[in-house]
Amino acid sequence: MRVVLAEDSVLLREGLVWMLGSAGMEVTAAVGDAEALLRACEENVPDLVVTDVRMPPGHSDEGLRAALVLRRRWAGLPIVVLSQYVEERYATQLLSTETSGIGYLLKDRVADVEQFLDALRRVAAGGTALDPEVVAQLLVRRHSDPLDRLTRREYEVLALIAEGRSNTGIAEALVISEGAVGKHINNIFAKLDLSGADKDHRRVLAVLRFLKI
Amino acid sequence: MSVAEVTTPWDRVRAHWSARSWLRMFHLVAGVPLGVLALSLILGVGAVSVIFVWTLGVPVAGSLLLMWVLPLLTRLQRLRFAAYLGVEIPPLPRRRWEGNIAMRLLRRARSATLWRQVAYHLLSPLISGVGFAGVIATWSGGLVMGAVAVHFWGLGDRWLAALFTLVAGALAVAGPWLAQGVTSLDVIAAEALLGPSISDQLAARVESLRESRAEVIDAADAERRRIERDLHDGAQQRLVSLAMKLGMARATSGDLPQAARDMIAQAHEEAKHALKELRDLVRGLHPAVLSDEGLDAALSGLAARASLPVRLRVEVPERVSPTIEAVAFFVVSEALANVAKHAGASAAEVTVLREGEFLRVVVFDDGRGGADPDAGTGLRGLAQRVGSVDGTLRLDSPQGGPTTISVEMPCA
């Protein structure tokens, strides 16, 4: 898997290159700003882009805007955005086009190596990886809509779907059986009026409904 | 006006006849024609206006003429004080008069500044005239007494000659004293009537204090942002890198002794914990999203991290100044922290609205109430920070709840 990495802190960039390398990924370019990121992708379209949000020259949200440009240029190009803080606003912008092949994680998550690498592989395969903190933020504003009909457990299940977990992953996280997860998911689809659509598509629709985008 | 220190009797005598003394005299002399000119202008125009009051045009033209001429005369008087006495009469504050031309003239005509100037110009010829005449009279008296003394000397009456010589000397010496007394009076009158009034001075002082306070607050805010940026670029990246390396060490530590594995695992957890603490701290300083995306985005993050459900409504169509945004963020952040700590509430509501020239921030919770600003430093700190931008904070928290904190800040 070929990866382009953009991170302005040299220390962290070297560390990430080393980590991805030892996980069998090939880092084709490791750059320090958004401009260089765009150029690197132009030269050699990777299988996955990993980028920091805040980079030179403005130290604001350059990485995020670069990610949006890349998504417009190559629809479906898997991108994982890392940030010191996760913000609902950035997540909404990032997910506004399409939710597949998108990751948005706190930088802290790189400390949990295995989980972080899992998230990268999931996104590269077209899945999503949203930081639990982002998901929590997205929950705040949802009021007086079909989501209110969900039970607490169903809500938790839906939040984990939004994070990009599989049924197995959800069952592990909530310490329940996979069968129970399936039942909850069916209830969710029913309550969100998504019974008609095909199965995978319903999952995406539920997430979209959940994220209100 | 600096006064040379007088030490010996000889210095006293010299000071009495110094150039400064003579300049005081000249000051009075120059005051006479200037004062008479101003007096006759004011009285003349006034008289003509009264006589031809039925034409309406003449009094109006007269008033306009006076309004135009008075500042010129004031400037001449100011020059006189600067040239002869070295006294700078502080300039009047420039004022902008609102409304159309007629309203502006009317307001100017009614202003205290104008009438204080008129008063000085009426008073000045009196002071200068009396002072000048007094000095002349004193010295002429001295000369006459001198002549009388010479006369008595000629007659051979030494006692009377000595007496009149003494009187002549005393009168000659009294001249400068009289001049000094009268000029002091003139300076007092000019400073009181031509300089800014006490309310003008206070207004100017308030204005300069307001400016310097705003600068201090902006500087503190900028400093907070700088610290946030430094921590973000420095310590945070280093700590992330450290946590990542410990994570990798942990993942590959399978063949190490158990004790070493435990130690690495602990170090890894501690590094992650430190990261989270540092993140929360830095976020409290000044969240980057506040600068980038504004209040709405920053507050939704804040509401999400709260330990109780928070309903958030932000209606601020245009961004307000960074300082006001920072204060609003701080208010909500502190208020929600208080709610979580003390209120025992099941839910909270945050509303931020732009109402005309004000930003209104309301934080409501359904907790047990009874919040007391004097009990802790939290609420007082809030009120202080709101007060620093001329905002007001109202707290409504009866025993048993609910509690509402509403803050209004000017943001135009």
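Since we're looking at a predicted model, the values are computed, not measured.

A.B. asks: Help me understand the overall build of chain B in this model?
C.D. replies: What chain B contains, in helices and strands, is 12 helices and 5 strands. Counting over 412 residues, chain B shows a buried share of 37%. A separation threshold of at least 6 residues defines the contact pool for chain B, and within that pool the share at least 24 residues apart is 71%.

A.B. asks: Help me out: how do you make sense of the overall build of chain A in this one?
C.D. replies: Helix and strand counts for chain A stand at 10 helices and 6 strands. A burial count over chain A gives 54% of its 213 residues as buried. Taking as baseline every contact in chain A between residues at least 6 positions apart, the subset at least 24 positions apart corresponds to 64%. Accessible surface, chain A: about 8,700 Å² in total, of which carbon and sulfur atoms supply 51%.

A.B. asks: Please clarify how the pairing of strand β3 (residues 48-52) of chain A should be interpreted in this entry.
C.D. replies: Each regular strand carries side chains that alternate between the two faces of the sheet. All names here are of chain A. Most of β3 is tucked away, with 5 of its 5 residues classed as buried. Residues L48, V50 and D52 point to one face of β3 and V49 and T51 to the other, with burial holding for every one of them. In this fold, the crossover linking β3 to strand β4 (residues 79-83) by way of helix α3 (residues 62-73) has right-handed handedness.

A.B. asks: How should I be thinking about the interface of chain B and chain A in this particular structure?
C.D. replies: Accessible area lost during the coming together of the parts is what is often quoted as the interface size. Taken together, the contacts link 35 residues of chain B with 33 residues of chain A. Both sides of the chain B and chain A interface together cover about 3,200 Å² of buried area, and 55% of this is carbon and sulfur. When the buried surface of chain B facing chain A is broken down by residue, M244(B), M248(B) and R279(B) rank first, second and third, together holding 21% of it. Our count for the chain B to chain A interface comes out at 4 salt bridges. Between E228(B) and R54(A) there is a salt bridge, with its nearest N and O atoms 3.0 Å apart. Between the two partners, chain B and chain A, sit 11 residue pairs in polar contact (both at pLDDT 80 or more). Broken down by element, the residue count for the side of chain B that touches chain A peaks at 14 residues, all from helix α7 (residues 198-251) of chain B.

A.B. asks: Looking at this model, I keep getting lost on the UniProt feature "modified residue: 4-aspartylphosphate" (unreviewed entry) in chain A. Mind explaining?
C.D. replies: Residue and element names in this part refer to chain A. UniProt feature "modified residue: 4-aspartylphosphate" (unreviewed entry): in the numbering of this structure it lies at D52. As for its placement among the helices and strands, D52 is situated in strand β3. Contact partners of D52, with chain neighbours within four places excluded, come to A6, E7, D8, G63, L82, S83 and K107.

So, how was this worked out
- Residues numbered from 1 in each chain as written.
- Chains lettered and ligands numbered in written order.
- Predicted model: local features only at pLDDT ≥ 70, side-chain atom pairs only at ≥ 80, totals over all residues.
- Heavy atoms only, no water.
- Helix = DSSP H or I, 4+ residues; strand = E, 2+ residues; numbered from the N terminus.
- Buried < 20%, exposed > 50% of the residue type's maximum accessible area, 1.4 Å probe, protein only.
- Contact = heavy atoms within 4.5 Å.
- Areas by Shrake-Rupley, 256 points an atom, 1.4 Å probe, with all protein chains shown as cover.
- Right-handed = clockwise from strand over helix to strand, strands pointing away.
- Buried area = accessible area lost by both parts, 1.4 Å probe.
- Salt bridge = Lys/Arg side-chain N within 4 Å of Asp/Glu carboxyl O.
- Polar contact = N/O pair within 3.5 Å; in protein donor to acceptor, adjacent residues only side chain to side chain.
- UniProt positions renumbered as here; feature names shortened; annotations may be inferred.

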